[in-house]
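Spelled out from the first residue to the last, the chains are:
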Amino acid sequence: MTADSAIPTELGAFLRRHRERLGPAAAGLPEGRRRRTPGLRREEVAQLAGLSPTWYTWLEQGRAVSLSPRALAGIADALQLSRAERIHLFDLAGRRDPSPPAVAELPPELLDSVQLIAGPAYVLDAAWNALAFNGAAADLFVGWLDRPAAGGHNLLRSMFLSPALRELVADWPHRAARLVAEFRAHSGRHRENAAAMAVVEELLAVSPDFQRYWEAQEVEEREGGLRAFLHPRRGRLCYRQLTLAPATAPELLLVMLLPA
């Protein structure tokens, strides 16, 4: 059995297990006649999700049936899936959630952790605003984190609109193009984030450089690698970048710059 052919079976097992754990009372249904198996019946899930009982049965049986995002969302709501369970359901089905779960509350430990890191460190949200950063990052990132920002410390906006940051980043054209490709990859997973899309629209209107890089349609993961800076007081500085996505808030990025 190939990996692709195993997906419907795994999806069916996931749905069956979560159907069996949900009792009729929790779903707002009467107990009715004596039940031979725990949890809801398949036809009850189908009714709650607004689906055909036959279609849902085939889905649980691991048959290759057409899966629409709206139908999957109905099943997730009917089974009262948690945030992590809903994300897993759509991952198994290979579909994008039309109504993604709300962003989880920001873990205070994550925001506090940057202050415990010796080198430059910061936390980005889905729009690439810096939610937190340490003193080493403020000292390094001239033109971005070294001054108050009325509109928020947005990395992408500063990269293209701040002359000081443009001078700080060594080989700016290459780094700027890659940053746009990385942002496209990250924001593509969070298309529902209006703030991220607003940054794109703003820069398309005011920055020809950004427009050129954005229209190139390049996509790259925000991976590690050498990062060089031409600091106005400290001269040339080199770091290796490490980027982590917290499990409890995957829309955030914790970025650390380690000595090269």
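**Student:** Looking at this model, I keep getting lost on helix α4 (residues 69-78). Mind explaining?
**Tutor:** When you tally the buried positions in α4, you get seven out of 10 residues, the bulk of the element. Looking only at α4, the buried set comprises Ala71, Leu72, Ala73, Gly74, Ile75, Ala76 and Ala78. Among the residues trailing α4, Gln80 stands out with phi positive, at a value near 55 degrees.

**Student:** Just checking my understanding: could you explain the packing of aromatic side chains for this structure?
**Tutor:** This model, assessed by the stated rule, comprises 10 aromatic pairs. Judged by centre distance (5.4 Å) and plane angle (85 degrees), the rings of Phe160 and Phe210 are edge-to-face. On the criterion of sequence distance, the pair formed by Phe160 in helix α8 (residues 155-161) and Phe210 in helix α12 (residues 208-215) is long-range, its members being 50 residues apart. The class of Phe160 is buried, set by a relative accessible area of 6%. A relative accessible area of 0% places Phe210 in the buried class. On the basis of an interplanar angle of 65 degrees and a centroid distance of 6.2 Å, the ring pair of Phe229 and Tyr239 is categorised as edge-to-face. With Phe229 in strand β3 (residues 225-231) and Tyr239 in strand β4 (residues 235-244), this residue pair connects regions lying 10 residues apart in the sequence.

**Student:** So what exactly am I meant to see when it comes to the environment of Gly224 here?
**Tutor:** Checked against the element boundaries, Gly224 lands in the loop between α12 and β3. Between the C-alpha atom of Gly224 and that of Ala26, which follows or precedes it by 198 residues, the distance is 46 Å.

**Student:** Mind showing me how you'd approach the nonpolar core here?
**Tutor:** Note on soluble globular proteins: their nonpolar side chains tend to be buried together. Counting residues in hydrophobic clusters, the biggest one holds 35 residues, and the most contacted among them are Phe141, Trp144, Leu156 and Phe160. Residue contributions to this core peak at five residues, all from helix α10 (residues 172-188). The residues contacting Phe160, other than those within four sequence positions of it, are Arg166, Trp172, Ala176, Val180, Leu203, Ser207, Asp209, Phe210 and Tyr213. Counting 27 residues, the second-largest nonpolar core is a separate cluster that includes Leu11, Ala46, Leu59 and Leu72.

**Student:** It is not clear to me how unusual backbone geometry should be interpreted in this structure. Could you clarify?
**Tutor:** The bulk of non-glycine residues show a negative phi, and the bulk of peptide bonds are trans. You will see that Gln80, though not glycine, has its phi angle at about 55 degrees, which is positive. With a phi angle near 55 degrees, Asp171 is a residue other than glycine that sits in the positive phi range. As for its placement among the helices and strands, Asp171 is situated in the loop between α9 (163-168) and α10.

**Student:** Could you clarify how one ought to interpret the packing of α4 against helix α5 (residues 83-93) in this entry?
**Tutor:** For any two helices packed against each other, one specifies the inter-axial angle together with the distance between the axes. With their axes 10 Å apart at the nearest point, α4 and α5 run at an angle of 145 degrees to one another. Crossing of α4 over α5 shows right-handed handedness. Across from Pro69, Leu72, Ala73, Ala76 and Asp77 in α4, the residues of α5 making contact are Arg86, Leu89, Phe90 and Ala93. Considered class by class, the residues forming the contact of α4 with α5 number seven nonpolar, no polar and two charged.

**Student:** So what exactly am I meant to see when it comes to the pairing of β4 here?
**Tutor:** Bridge count for β3 against β4 is seven bridges, and the pairing is antiparallel. If you follow Ala228 over to β4, its bridge partner there is Cys238. Pairing of β4 with strand β5 (residues 253-259) involves six bridges; the strand directions are antiparallel. Residue pairing in the sheet places Tyr239 in a bridge with Pro259 of β5.

**Student:** Hey, could you run me through the packing of helix α2 (residues 42-49) against α4 in this one?
**Tutor:** Direction vectors running N to C along α2 and α4 enclose 115 degrees, while the axes themselves pass 8 Å from each other. Crossing of α2 against α4: the hand is right-handed. Residues Val45, Leu48 and Ala49 of α2 pack against Gly74, Ile75 and Ala78 of α4.

**Student:** Can you help me understand the confidence of the model for the protein in this one?
**Tutor:** As a general rule, the predicted coordinates of low-pLDDT regions are not to be interpreted in detail. Per-residue pLDDT for the protein averages 86, and the proportion of residues at 70 or more is 91%. In the model, residues 1-5 has pLDDT below 50 throughout and makes one contact with residues more than four positions away in sequence or in other chains.

**Student:** Explain the side chain of Asn129 here, please?
**Tutor:** Take Asn129: it is sitting in the loop between β1 (121-124) and β2 (130-133). On the basis of relative accessible area, Asn129 is assigned to the buried category, the value being 18%. Of the polar contacts made by the side chain of Asn129, one reaches the side chain of Asn154; its length is 3.1 Å. Residues in contact with Asn129, not counting those within four places in the same chain, are Val123, Leu124, His153 and Asn154.

What counts as what
- Residues numbered from 1 in each chain as written.
- Predicted model: local features only at pLDDT ≥ 70, side-chain atom pairs only at ≥ 80, totals over all residues.
- Heavy atoms only, no water.
- Buried < 20%, exposed > 50% of the residue type's maximum accessible area, 1.4 Å probe, protein only.
- Helix = DSSP H or I, 4+ residues; strand = E, 2+ residues; numbered from the N terminus.
- Phe/Tyr/Trp six-rings, centres within 6.5 Å; stacked < 30°, edge-to-face > 60°.
- Core = buried A, V, L, I, M, F, W, Y, C linked by side-chain atoms within 4.5 Å.
- Contact = heavy atoms within 4.5 Å.
- Axes fitted to C-alpha atoms, helices over the stretch in contact; angles between N-to-C directions.
- Left-handed = near helix turned anticlockwise from the far one by under 90°.
- Nonpolar A, V, L, I, M, F, W, Y, C, P; charged D, E, K, R; others polar.
- Pairing = 2+ DSSP bridges.
- pLDDT = per-residue confidence, 0-100.
- Polar contact = N/O pair within 3.5 Å; in protein donor to acceptor, adjacent residues only side chain to side chain.

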